[in-house]
Amino acid sequence: NKRSCLNIPCVFINSEQFHGYKKLYRATVRLADQLNNSLCDNAEKKSNFNGNPIPRSKLHVIANTKHQNFCDVVFWLPKLATRRVGRFLALGSADGLEAQERII
């Protein structure tokens, strides 16, 4: 019974903190590999509904980020506050707004 391919490109965006959790990050890499290889024969040649090739899944790590850099805390707290209490909020040393821009 053959499984079908995911018909949309996937992007895995990770914090540097998460990248440091080797076991969890390896699981993410395995998931991307499964999407790229084992679920489809020739994922690059498979087409989406427009007939365009489906790009392979990609993994990215945003430098100097932690978990809270991936949520909206940087939008509702003043920049000075995020710098001062960032370590308690699990914010990395990256500028919060710049990290959001890189994520998007």
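Just so it is clear, the model here is predicted, and its values are computed rather than measured.

Participant: Help me get a handle on the overall build of the protein chain, residues and values and all.
Facilitator: Helix and strand content of the protein chain: five helices and two strands. Written out in order from the N terminus, the α and β elements of the protein chain read β-α-α-β-α-α-α. Taking all 104 residues of the protein chain together, the buried fraction comes to 28%. Relative to all contacts within the protein chain whose residues are 6 or more apart in sequence, the contacts with residues 24 or more apart total 63%.

Participant: Just give me the short version of a nonpolar patch on the surface, but keep the residues and values in it.
Facilitator: Taken together, the side chains of F75, W76 and L97 define a hydrophobic patch exposed on the protein surface, amounting to about 370 Å² of accessible area. By the element assignment, L97 lies in helix α5 (residues 96-103). With relative accessibility at 42%, the residue L97 sits in the partly exposed group.

Participant: Go over the confidence of the model for the protein chain, please, and point to the residues and values.
Facilitator: Looking at the protein chain, pLDDT values average 75 and 70% of them are 70 or higher. Mean pLDDT across the elements of the protein chain ranges from a minimum in helix α4 (residues 79-85), with 74, to a maximum in helix α1 (residues 16-19), with 91.

Participant: An account of the packing of aromatic side chains is requested, with residue identities and associated values reported.
Facilitator: Under the criterion given, the structure shown has one aromatic pair. Here F18 and Y25 contribute two aromatic rings whose centre-to-centre distance is 6.4 Å and whose plane-to-plane angle is 70 degrees, an arrangement assigned as edge-to-face. For Y25, a relative accessible area of 14% puts it in the buried group.

Participant: Account for the environment of V11, naming residues and giving values.
Facilitator: Looking at the element boundaries, V11 is found in strand β1 (residues 11-15). C-alpha separation for the pair V11 and K58, spaced 47 residues apart in sequence, amounts to 5.0 Å. What V11 contacts, discounting residues up to four positions off in sequence, is K58 and H60.

Scoring rules and cut-offs
- Residues numbered from 1 in each chain as written.
- Predicted model: local features only at pLDDT ≥ 70, side-chain atom pairs only at ≥ 80, totals over all residues.
- Heavy atoms only, no water.
- Helix = DSSP H or I, 4+ residues; strand = E, 2+ residues; numbered from the N terminus.
- Buried < 20%, exposed > 50% of the residue type's maximum accessible area, 1.4 Å probe, protein only.
- Contact = heavy atoms within 4.5 Å.
- Patch = residues over 30% accessible without salt bridge, like charges linked within 9 Å, V, L, I, M, F, W, Y side chains within 5 Å.
- Areas by Shrake-Rupley, 256 points an atom, 1.4 Å probe, with all protein chains shown as cover.
- Salt bridge = Lys/Arg side-chain N within 4 Å of Asp/Glu carboxyl O.
- pLDDT = per-residue confidence, 0-100.
- Phe/Tyr/Trp six-rings, centres within 6.5 Å; stacked < 30°, edge-to-face > 60°.

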